[in-house]
Amino acid sequence: MRAYDIIYKKREGQKLSRAEIEFLIKGYVEGDIPDYQISAWAMAVYFQSMDAEETADLTMIMAESGDMIDLSEIKGKKVDKHSTGGVGDTTTLILAPLVASAGIPVAKMSGRGLGHTGGTIDKLHSIVNFNTSLSRDRFFDNVNQHGIAVVGQSGNLTPADKKLYALRDVTATVESIPLIASSIMSKKIAGGADAILLDVKTGSGAFMKDLTEAKKLAKAMVAIGKEIGRDTAAYISDMSQPLGYAVGNALEVKEAIEVLKGRGPEDLTELCLELGAAMLELADQSEDHAEAKELLRKKLSSGEALEKFKEMISAQEGNPAVIDDYSLFATAEKVVEIKAQEDGYIATLNALEVGLAAMLLGAGRENKDSEIDLAVGVELKKKVSDQVKKGDTLALLHVNDQKNLAQARAKVLAAYSYSKNEVENKKLIYEKIT
Ligand code: URA
Ligand code: CA
């Protein structure tokens, strides 16, 4: 087999066999095939695409390129949830204890944040001493004993994806549906999921800005799930404005706790109930979506979900007193108010601009080695469809280092647009694909 012939075949729009894809990817990881040939192949895929079978083959080859986590020691069907990334997306912190309180084992490996989107592991570190690097044995013990553990990705997971993603990033080949779909799904499969729930975000703050593209990505990932025999469902949800009101690590943990106390923002609560119900269905714990949602609503109102969160914090060495005493979280030195410039209704609230503002304040990473400030971020007071008068508070900036304050302030101001007429609220969930 020659890399040249495989690149040629894909360039001509022909279907590649599993053996051909494997030859390329294995050869690349092992250093036998150079970057320039894989770049050419990725560009050919960008233009000619791949069918469901090729995409599933690529997914499994990438998943099997490194460690495959075996979760079989944990009883029950393991459902993993993945979000394609957004601004103020605190769902994992809520969903994990919520579904665990309903009896679904949660053995979750999460990532750190990069760029304008936050990561669950960073957020958890705003709980003092919370340990996200448990040993393998302790991770399993915690899930078996408490029904829940959330840790950082460790070990050698999907090295083929790491290498290919870095190459795509510098060769303008990231935006290919089969390449994105296989990249995401390979990581979930290597992580040991029996079933996968995807939350594909669309809108300004999302990776897929456009609804049509988001749908294509969701369908491609559900198709991979079918090909490889893992139950997979996907939601397409709105990320044109941030989810909830808090954007920033400690701010979002407090917001998650508020949801678990049954008094969090409506959009964030609703999305968590919807996704949680879908997880119960995927775990074969429920056949009726409305019933599952009702059950989870009760887990919030009874305090059981909150209690599960507390249990997880203790089991991972954090201080559970943070739940009742928010002063135990890091707080910023200064709070700066941003005021409405006009009378009217909020027409748009650009999630990307808000995410970038939070990052400028230090809540996110520019590159993988950047330090982040857990206390800082943006606390929104007004969102789309809210009526405002000139001078009303739109948002609060939580600030430590004032170096980028003027720029962050300008971004948040620019994120808002106004209408003289009433504005309808944005749809939260566009579609569910199964
Ligand atoms: N996220 C991923 O994990 N992979 C991609 O290719 C794009 C976004
Ligand atoms: Ca939020």
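Residues numbered from 1 in each chain as written. Chains lettered and ligands numbered in written order. Predicted model: local features only at pLDDT ≥ 70, side-chain atom pairs only at ≥ 80, totals over all residues. Heavy atoms only, no water.

- The name given to the protein chain in an unreviewed UniProt entry is Pyrimidine-nucleoside phosphorylase, with Halanaerobium hydrogeniformans as the source organism.
- UniProt annotates the protein chain under Sequence similarities (unreviewed entry) with the comment "Belongs to the thymidine/pyrimidine-nucleoside phosphorylase family." (UniProt positions renumbered as here; feature names shortened; annotations may be inferred.)

## Describing helix α4 (residues 52–63)
Here's step 1: With 12 residues, α4 should cover 16 Å at 1.5 Å per step; its first-to-last C-alpha distance of 16 Å lies within 8% of that length.
Here's step 2: Among the 12 residues of α4, 10 are classified as buried, and the element is accordingly described as predominantly covered.
Here's step 3: Along α4, the residues that are buried comprise E54, T55, A56, D57, L58, T59, M60, I61, M62 and A63.
Here's step 4: The secondary structure elements touched by the buried residues of α4 are α1 (3–11), α2 (18–29), α3 (35–48), α8 (159–169), α9 (177–190) and α10 (211–228).
Here's step 5: A side-chain oxygen of the first residue of α4 lies 3.1 Å from the backbone nitrogen of E53; this N-cap is D51. (Helix = DSSP H or I, 4+ residues; strand = E, 2+ residues; numbered from the N terminus. Expected span 1.5 Å × (residues − 1). Buried < 20%, exposed > 50% of the residue type's maximum accessible area, 1.4 Å probe, protein only. Contact = heavy atoms within 4.5 Å. Polar contact = N/O pair within 3.5 Å; in protein donor to acceptor, adjacent residues only side chain to side chain.)

## Things to note about the UniProt feature "domain: Pyrimidine nucleoside phosphorylase C-terminal" (unreviewed entry) in the protein chain
Here's step 1: Under the present numbering, the feature "domain: Pyrimidine nucleoside phosphorylase C-terminal" (unreviewed entry) in UniProt falls on residues 345–419.
Here's step 2: Helix makes up 28% of residues 345–419 and strand 29%, with an end-to-end C-alpha separation of 5 Å.

## Quick word on unusual backbone geometry
Generally, phi is negative for residues other than glycine and the peptide bonds are trans, each holding for most cases.
Here's step 1: Positioned with a positive phi, A172 is a non-glycine residue whose angle comes to about 55°.
Here's step 2: Here A172 is to be found in the loop between α8 and α9.
Here's step 3: Notably, E317 is not glycine yet its phi reads approximately 70°, a positive angle.
Here's step 4: Among the structural elements, E317 can be located in the loop between α14 (304–315) and β7 (334–339).

## Here's the deal with the site of ligand 1
Here's step 1: Every residue near ligand 1 is listed here: Y165, R168, I180, S183, I184, K187 and F207.
Here's step 2: S183 has a polar side-chain atom sitting 2.6 Å from a nitrogen atom of ligand 1.
Here's step 3: At a separation of 2.5 Å, an oxygen atom of ligand 1 approaches a polar side-chain atom of K187.
Here's step 4: Protein contact buries 84% of the 240 Å² of open area that ligand 1 shows by itself.
Here's step 5: At the level of elements, α8 and α9 are the ones that each hand at least two residues to the shell around ligand 1.
Here's step 6: No other element matches α9, which puts 4 residues into the shell around ligand 1. (Near = heavy atom within 4 Å. Areas by Shrake-Rupley, 256 points an atom, 1.4 Å probe, with all protein chains shown as cover.)

## Description of the coordination of the calcium ion (ligand 2)
Here's step 1: Around the calcium ion (ligand 2), the donor atoms from the protein are G88 (O), L243 (O), A246 (O) and E255 (OE), and they sit 2.3 to 2.6 Å away.
Here's step 2: For the calcium ion (ligand 2), the single-chain donor residues occur in sequence as G-x154-L-x2-A-x8-E. Across this residue pair, the class does not change: A246 and E255 are buried. (Donors = N, O, S within 2.8 Å, 3.2 Å for Na, K, Ca; no water.)

## Here's the deal with the packing of α4 against α10
Here's step 1: Their axes nearest at 9 Å, the elements α4 and α10 cross at an angle of 75°. In terms of axis orientation, α4 runs roughly perpendicular to α10. The residues of α10 that touch α4, namely those facing A52, E53, T55, A56, T59 and M60, are A223, I224, E227 and I228.
Here's step 2: The residue inventory of the contact of α4 with α10, partitioned by class, reads 6 nonpolar, 2 polar and 2 charged. (Axes fitted to C-alpha atoms, helices over the stretch in contact; angles between N-to-C directions. Parallel < 35°, antiparallel > 145°, perpendicular 65-115°, else oblique. Nonpolar A, V, L, I, M, F, W, Y, C, P; charged D, E, K, R; others polar.)

## Description of the nonpolar core
Here's step 1: Core analysis: the biggest nonpolar cluster contains 86 residues, and I127, V378, L397 and Y416 have the highest contact counts within it.
Here's step 2: Here the element with the most residues in this core is helix α12 (residues 266–282); it accounts for 10 residues.
Here's step 3: Grouped together as the second largest cluster of nonpolar side chains are 25 residues, M60, I184, A220 and I236 included. (Core = buried A, V, L, I, M, F, W, Y, C linked by side-chain atoms within 4.5 Å.)

## Regarding the pairing of strand β2 (residues 106–110)
Here's step 1: Where burial is concerned, most of β2 is hidden: 5 out of the 5 residues are buried.
Here's step 2: One ladder, built from 5 bridges, connects β2 with strand β3 (residues 148–152); its direction is parallel. The partner of A107 across the bridge, within β3, is A149. (Pairing = 2+ DSSP bridges.)

## Structural notes on α14
Residues spaced three or four apart along an α-helix face the same direction, because each turn holds 3.6 residues.
Here's step 1: In a regular helix each residue adds 1.5 Å, so 12 residues correspond to 16 Å; α14 covers 16 Å between its end C-alpha atoms and thus fits that length.
Here's step 2: Contacts made by the buried residues of α14 are with α5 (91–101), α6 (120–124), α7 (136–146), β3, α11 (249–260) and α13 (289–301).
Here's step 3: Where α14 terminates, the next one or two residues include E317, which has phi positive at roughly 70°.

## Overview of the packing of aromatic side chains
Here's step 1: Tallied over the entire structure, the rule returns 4 aromatic pairs.
Here's step 2: Ring geometry for Y46 against F47: centres 5.1 Å apart, planes inclined by 90°, an arrangement best described as edge-to-face.
Here's step 3: Given the relative accessible area of 36%, Y46 is considered partly exposed.
Here's step 4: Look at F47 and you get exposed, because its relative accessible area is 65%.
Here's step 5: Relative to F329, the ring of Y326 lies with its centre 6.3 Å away and its plane at 55°, an arrangement referred to as tilted.
Here's step 6: By relative accessible area, which is 24% here, Y326 ends up partly exposed.
Here's step 7: One Lys or Arg, K163, reaches over the ring of Y28 and ends 4.5 Å from the middle of that ring.
Here's step 8: Sitting over the ring of Y245, K383 keeps its end group 5.3 Å from the ring centre. (Phe/Tyr/Trp six-rings, centres within 6.5 Å; stacked < 30°, edge-to-face > 60°. Lys NZ or Arg CZ within 6 Å of the ring centre and 35° of its normal.)

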